[in-house]
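# Structural overview for review
What follows is each chain in one-letter form.
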Amino acid sequence: MILVTALCEAQDLNNYKYVIVDNQYDFQQEPNEYRLNEMMVFEIKKREISAFLADDVLPNDLNETGCNALSLKVETRSGLRVKMIFEFVNCNGITVFETKEGIGRTKNFEKAYREAIRDAMTSLDGLNYSYAASLDDRPSGIETPIQVMQPSAVKPSLEITPSNGVEKDEPQTIPRPEMVELIDDEVYTTNSKEYKIHSTDSGYNMYKNNSLIGTLKKSASGCYLTVTTEFIGIGYKKENTIIIEYDKNGIQFLVFQKK
C-alpha cells in the first residue's frame, strides 16, 4: 500500500512543471526571513523539480494553457521543537502532494527551521520526478522539449533558444579548467586559499588552484545558485563576505572574504 501510494503521488507531481514558493509565510516576520524561502526553492530544485520564488522572473508558459504549476503551502508548529509540513497545491486548491512532518531539534530558531525544511523535503526523495506534459502544453504536431532544472548533480544546465518557432535544449556546460590571472581587488578567497571566486557580469566564477571549476549565478532574490564540478549549493553575500552552503557528506560551508 505504501509503495502504491508513493507511485500515485509521484505520478501526480509529474503532471506539474513548476513549484512557486511564497516570499513570506505566516510564521515569518518579513519576506524570506532567515533566507528560508530561498532554501525551500533550493531543496525542491535538488530533486530536479523547477521551483521559483513568487517575485522571481517566472516562466512564460506558467499556467498559460492550463494548470502546470503548484503553490507551496507551509504548516508550522513550534514549541520545544520546530515542526513543518509542506503541501504542493494546484490551481484548484487541491493538495497534490504532502510531505512528512519535518522536525528541527536545534534550540536556535533559524537552525531549527532549516533542519525542519531539510527533513520534510526528504519526502520527495525516491519519487523519480519527471514532468509529463499534457496535450494542452504541446503545440499541435510538435513535440516540445521538457525543461527541468537539475541542481541535484553537476549536469549541464538547459537554455531555451528559439529556432523556427520551436524551443530547443542547448546544453551549457561548465568551461574546461583553465589557468587564469586573477585581479586581486575582484577576488574572494577562503582561509585555505585553495578556492577563489572572481566577479563576472552575471555573478562569479569559482576557481580551485586557479583552475575554473564552476559558476555562481545571481537570482532575482539575490542568492547565488552555485554549480561546480565538485558540488552544487546556494550562496549568500553579506558585505565583503560570501557564504556557500552545499550538501556533500552532510551540510558543508565555504566562507569567502574579499582580498
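Preceding block: the structure.
Okay, so let's go over this structure. (Residues numbered from 1 in each chain as written. Predicted model: local features only at pLDDT ≥ 70, side-chain atom pairs only at ≥ 80, totals over all residues. Heavy atoms only, no water.)

### Let's talk about the overall build of the protein chain
Which entries qualify depends on this criterion: Helical segments are the DSSP runs of H or I of at least four residues, strand segments are the runs of E of at least two, and each set is numbered from the N terminus. We call two residues in contact whenever any of their non-hydrogen atoms come within 4.5 Å of each other. Areas reported as accessible are Shrake-Rupley estimates using a 1.4 Å probe. Residue values count occlusion only from the protein chains shown.
Counting its regular elements, the protein chain contains 3 helices and 16 strands. Sequence-distant contacts, at least 24 apart, represent 46% of the contacts inside the protein chain between residues at least 6 apart. Approximately 14500 Å² of the protein chain is accessible, and the part contributed by carbon and sulfur atoms is 48%.

### Here we look at helix H2 (residues 36–46)
Condition: Three labels apply to residues, based on accessible area from a 1.4 Å probe with only protein chains included: buried if under 20% of the type maximum, exposed if over 50%, partly exposed otherwise in between.
The element H2 is largely enclosed, with a buried count of 11 among its 11 residues. When we look at burial in H2, the residues that qualify are Leu-36, Asn-37, Glu-38, Met-39, Met-40, Val-41, Phe-42, Glu-43, Ile-44, Lys-45 and Lys-46. Once H2 finishes, Glu-48 follows within two positions and takes phi at roughly 65°, a positive value.

### Quick word on the environment of Tyr-16
Following the sequence through the fold, Tyr-16 ends up in the loop between helix H1 (2–14) and strand S1 (18–21). Residue classification places Tyr-16 among the buried residues on the basis of a relative accessible area of 13%. On a C-alpha basis, the gap between Tyr-16 and Val-96 in space is 9.6 Å, while along the polypeptide they are 80 residues apart. Contacts of Tyr-16, omitting those with residues within four sequence positions, involve Cys-67, Asn-68, Ala-69, Leu-70, Asn-90, Val-96, Tyr-129 and Tyr-131.

### Concerning the state of the cysteines
Our working rule: Note on disulfides: each one is a pair of cysteine sulfur atoms within 2.5 Å.
In this structure the tally under the stated criterion is 1 disulfide. In this model Cys-67 forms its disulfide with Cys-91; the gap between the sulfur atoms is 2.2 Å. Taking the torsion about the sulfur-sulfur bond, which here is approximately 90°, the covalent link between Cys-67 and Cys-91 counts as right-handed. Here the residue Cys-67 occupies a position in the loop between strand S2 (50–53) and strand S3 (69–78), and Cys-91 occupies one in the loop between strand S4 (82–89) and strand S5 (95–98), the gap between them amounting to 24 residues. A relative accessible area of 28% places Cys-67 in the partly exposed class.

### A word on a nonpolar patch on the surface
For clarity, the cut-off: Residues forming no salt bridge and having over 30% relative accessible area are the ones grouped into patches, like charges within 9 Å of each other and nonpolar side chains (Val, Leu, Ile, Met, Phe, Trp, Tyr) within 5 Å. For salt bridges, the criterion is a side-chain nitrogen of Lys or Arg within 4 Å of an Asp or Glu carboxyl oxygen.
Together, Ile-243, Ile-251, Phe-253 and Val-255 line one region of the surface with nonpolar side chains, adding up to about 320 Å² of accessible area. Among the elements that make up the nonpolar patch, the one with the highest residue count is strand S16 (residues 251–258) (3 residues). You can call Val-255 partly exposed: its relative accessible area is 40%.

### Observations concerning the packing of H2 against helix H3 (residues 109–121)
When two helices pack together, their arrangement is given by the angle between the helix axes and by the axis-to-axis distance. To keep things clear, this is the line we draw: Helix axes are fitted to C-alpha atoms over the stretch in contact, other axes to C-alpha atoms as well, and angles between N-to-C directions run from 0 to 180 degrees. The labels follow the angle: roughly parallel below 35 degrees, roughly antiparallel above 145, roughly perpendicular from 65 to 115, and oblique for the rest. In this scheme, a crossing is called left-handed if the near helix is turned counterclockwise away from the far one by less than a right angle; it is called right-handed if the turn is clockwise. Note that Gly is not counted as nonpolar here; it falls among the polar residues with everything else outside the nonpolar set of Ala, Val, Leu, Ile, Met, Phe, Trp, Tyr, Cys and Pro and the charged set of Asp, Glu, Lys and Arg.
In contact at an axis separation of 10 Å, H2 and H3 are set at 20° when each is read in the N-to-C sense. Judged by the angle between their axes, H2 and H3 are roughly parallel. Every pair of crossing elements has a handedness; the one defined by H2 and H3 is right-handed. Packed against H2, whose contacting residues are Leu-36, Met-39, Met-40, Glu-43 and Ile-44, the element H3 presents Glu-110, Tyr-113, Arg-114, Ile-117, Arg-118 and Met-121 at the interface. Within the contact of H2 with H3, the residues separate by chemical class into 7 nonpolar, no polar and 4 charged.

### Points about the environment of Glu-194
The residue Glu-194 is located in the loop between strand S9 (187–189) and strand S10 (195–199) in this model. Under the relative-accessibility criterion, Glu-194 is labelled partly exposed at 31%. Residues Glu-194 and Lys-208 lie 14 residues apart in sequence; the distance between their C-alpha atoms is 5.7 Å. Discounting residues that sit within four places of it in the chain, Glu-194 has contacts with Tyr-207, Lys-208 and Asn-209.

### Section: H3
Condition: Take the residue count of a helix, subtract one, and multiply by 1.5 Å to get its expected span. As used in this structure description, the phrase polar contact means that two N or O atoms lie within 3.5 Å; if the pair is within protein, one of them must be able to donate a hydrogen and the other to accept it, and residues adjacent in sequence are counted only when both atoms belong to side chains.
The first and last C-alpha atoms of H3 sit 18 Å apart over 13 residues, in line with the 18 Å expected at 1.5 Å per residue. Where H3 begins, one side-chain oxygen reaches toward the backbone nitrogen of Glu-110, 3.0 Å away; that side chain belongs to Asn-108.

Limitation: the analysis is restricted to geometry and does not speak to function.
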